[in-house]
Every structure is written in C-alpha cells, then in structure tokens.
Amino acid sequence: HDWESRTTQPTLKLLRDASAADPTDVAALDAWLRAGGLRGLELVVPLATMHSKKGDKLDKNLRKPLEAGQNPEITFHLTQANVGEASGDSIRVSADGVLRVAGRERPITVAGRLVRSEAGVWLNGRHGLRMSEYDVKPPTMMMGALRVRDSVSVHFKLLLSPGAPSATVNSEARH
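All residue numbers refer to positions counted from 1 along the written sequence of the respective chain. Owing to the predicted nature of the model, reporting of local features is limited to residues with pLDDT of at least 70; listing and counting of side-chain atom pairs is limited to 80 or more, with chain, interface and lining totals taken over all residues. Derived side-chain values reflect all non-hydrogen atoms in the structure, with water molecules and hydrogen atoms excluded from consideration.

Trainee: Would you mind showing me how to read the overall build of the chain here?
Mentor: Secondary structure follows DSSP: runs of H or I at least 4 residues long count as helices, runs of E at least 2 residues long count as strands, and numbering of each begins at the N terminus. Each helix and strand counted, the chain has 2 helices and 12 strands in total. Reading the chain from its N terminus to its C terminus gives the helix and strand order β-β-α-β-β-α-β-β-β-β-β-β-β-β. Per-residue accessibility, obtained with a 1.4 Å probe over protein chains only, is compared with the maximum for each type, and a residue is labelled buried under 20%, exposed over 50%, and partly exposed between these values. Taken over 175 residues, the chain has a buried fraction of 39%. By sequence separation, contacts in the chain at least 24 residues apart represent 59% of the contacts at least 6 residues apart. Values of accessible area rely on a 1.4 Å probe in the Shrake-Rupley scheme; residue burial ignores everything except the protein chains shown. With the model as given, the accessible surface of the chain reaches about 10,000 Å², and the carbon-plus-sulfur share is 52%. The contact criterion used is simple: two residues touch if any of their non-hydrogen atoms lie within 4.5 Å.

Structure follows, in structure tokens:
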C-alpha cells in the first residue's frame, strides 16, 4: 500500500534583484513572478517535521536511511527559473537546481504551475526521484517483510503571499 509523509514547516526564501521593490500585494507578486523577477530560491525541509499518519515507527524508519542525525534537512537551491506561457490565472514554470538529500547533492529540474488566487500565488507540482540516486537505501520493516520501493514521488503545494508565508511539502514513498 502507499505510504506518505508530510510537513507543513518548510522554510522558503525567494530572492529578487536588490533594486526591485518587494511585492506588496498578490497582484504585484503574481506580476513579479510572471515577469521572471525571481533570482533565487532556497527551500529547506527539516526531516524532524516529516510525519506519516501511520505512527512514529514509520517516521523513524524514514529518518534513519536519510541519515537525519548528520543531515537534518533536505534542501533545494535554485540555479535557474524558467517561466512558460500564461493561461488565464495559471502559468507553467520549471526550476533547475541542486537537491541535497542525506548529504548528497544532485542537479534536478522540477516542473510546476503557478496559480493566482485571492490568498496568493500557489506553486504546485510533483517530482519523481530514486532514493538510490542519493545513496539512500530504501527502508524495510518487519525484518525485511515490508520493503519500500526505490522510487519516490515528491508533491509540493506552496502558497506564496507577501508578508505571510505558508507552505506544505508532501513526500510519498510507494512500495
């Protein structure tokens, strides 16, 4: 069956040119993002905040192969943002960057969609990866009777709004 672990406590920094003003409302933020004003992005997901609905034992089984003691965070550092064509209140985007998992860094490209709403601009997407790409051995439980597959699907839904950050990053491992 599917297994899912979530956090609602990531840290996200959006970087802009120093000469550009901070967006003051949703419309200004949306215009800034659509115009390609994003110059950098840093995402940090503390592993201690990742929780499944299945209990502490599964959470511990997730943290152990990720070497959470030595590497307490998963990070993404943007190297280049690409803004696609707009379609109403929605626009396709992609981000080239470096993902750091369990102390190992790999370049990735993540695709998503920006969607303007009254509350702010939602950044939604998903990215598939293999744990073995980061030298992470997929967890096992019950003396190997239950095994997690190597492939993982990371889903993200971030609400970007001036002055009031809020975000959810989800990760699912299927076995």
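Trainee: Sorry, what's going on with the pairing of strand β8 (residues 121-130) here?
Mentor: Strand residues, when the strand is regular, have side chains that alternate between the two faces of the sheet. Strand pairing is defined by DSSP finding a minimum of two bridges between the two strands. Bridge count between strand β7 (residues 104-116) and β8: 5 bridges; the pairing is antiparallel. For V115, the partnering residue across the bridge sits in β8 and is W122. From the end of β7 to the start of β8, which pair antiparallel, there are 4 residues, and G120 there has a positive phi angle of about 155°. Pairing between β8 and strand β11 (residues 151-160): 10 bridges, direction antiparallel. Within the sheet, the bridge partner assigned to N124 lies in β11 and is K157.

Trainee: I'm lost on the nonpolar core in this one. Help?
Mentor: When a protein is soluble and globular, its nonpolar side chains tend to lie buried together. In terms of nonpolar packing, the biggest core is built from 34 residues, with F76 and L114 touching the most fellow members. Contributing elements (two or more residues each) for this core: α1 (26-34), β3 (40-46), β5 (73-87), β6 (90-101), β7, β8 and β11. Here this core takes 5 residues from β6, the largest share from any one element. In this description, a nonpolar core means a group of buried Ala, Val, Leu, Ile, Met, Phe, Trp, Tyr and Cys residues linked to one another through side-chain atoms lying within 4.5 Å.

Trainee: Looking at this model, I keep getting lost on the packing of aromatic side chains. Mind explaining?
Mentor: What characterises a pair of aromatic rings is the spacing of the ring centres plus the angle enclosed by the ring planes. Here a pair means two rings of Phe, Tyr or Trp (six-membered ring of Trp) with centres within 6.5 Å. Their orientation is stacked below 30 degrees between planes, edge-to-face above 60, and tilted elsewhere. All told, the structure shown has 0 aromatic pairs when counted by the stated rule. The residue whose ring lies beneath R106 is Y134, and the NZ or CZ to ring-centre distance is 5.8 Å. By definition, being over a ring means that NZ of Lys or CZ of Arg is both within 6 Å of the ring centre and within 35 degrees of the ring normal. When the ring centre of W122 is taken as origin, the NZ or CZ atom of K157, which lies over that ring, is 4.8 Å away.

Trainee: Just checking my understanding: could you explain unusual backbone geometry for this structure?
Mentor: In most cases, non-glycine residues show a negative phi, while peptide bonds are predominantly trans. Residue A102 is not a glycine yet carries a positive backbone phi of 55°. You can see A102 is positioned in the loop between β6 and β7. Even without being a glycine, D135 presents a positive backbone phi close to 55°. When you line up the elements, D135 lands in the loop between β8 and β9 (140-141).

Trainee: Quick question: what am I supposed to make of the side chain of T49 here?
Mentor: Topologically, T49 is positioned in the loop between β3 and β4 (51-52). Look past the residues within four positions of T49 in its chain and what remains in contact with it is R6, T7 and Q9.

Trainee: For this particular structure, what's the right way to read the pairing of β5?
Mentor: With 5 bridges connecting them, β3 and β5 associate as antiparallel partners. Bridging from a neighbouring strand, P46 pairs with E73 of β5. When β5 meets β6, the two strands line up antiparallel, connected through 10 bridges. Bridging across to β6, Q80 finds its partner in D96. Taking the residues that link successive antiparallel strands as the turn, the β5-β6 hairpin has 2 residues, and the phi of G88 there is positive, at about 65°.

Trainee: Would you take a moment to explain the pattern of salt bridges for this structure?
Mentor: Pairs may arise between side chains of opposite charge once their charged atoms sit close together. A carboxyl oxygen of Asp or Glu within 4 Å of a side-chain nitrogen of Lys or Arg is what we treat as a salt bridge. Taken as a whole, this structure holds 9 salt bridges when the rule is applied. Residue D22 pairs with R16 through a salt bridge whose shortest N-O separation is 2.6 Å. Its salt-bridge partner being D30, residue R34 comes within 3.0 Å of it at the nearest N-O pair. Within this pair, R34 and its partner D30 are both found in helix α1, separated by 4 residues, close to a single helical turn. Classification of D30 by relative accessible area gives buried; the value is 6%. A single salt-bridge network, built from bridges that share partners, covers E67, R104, R106 and D135.

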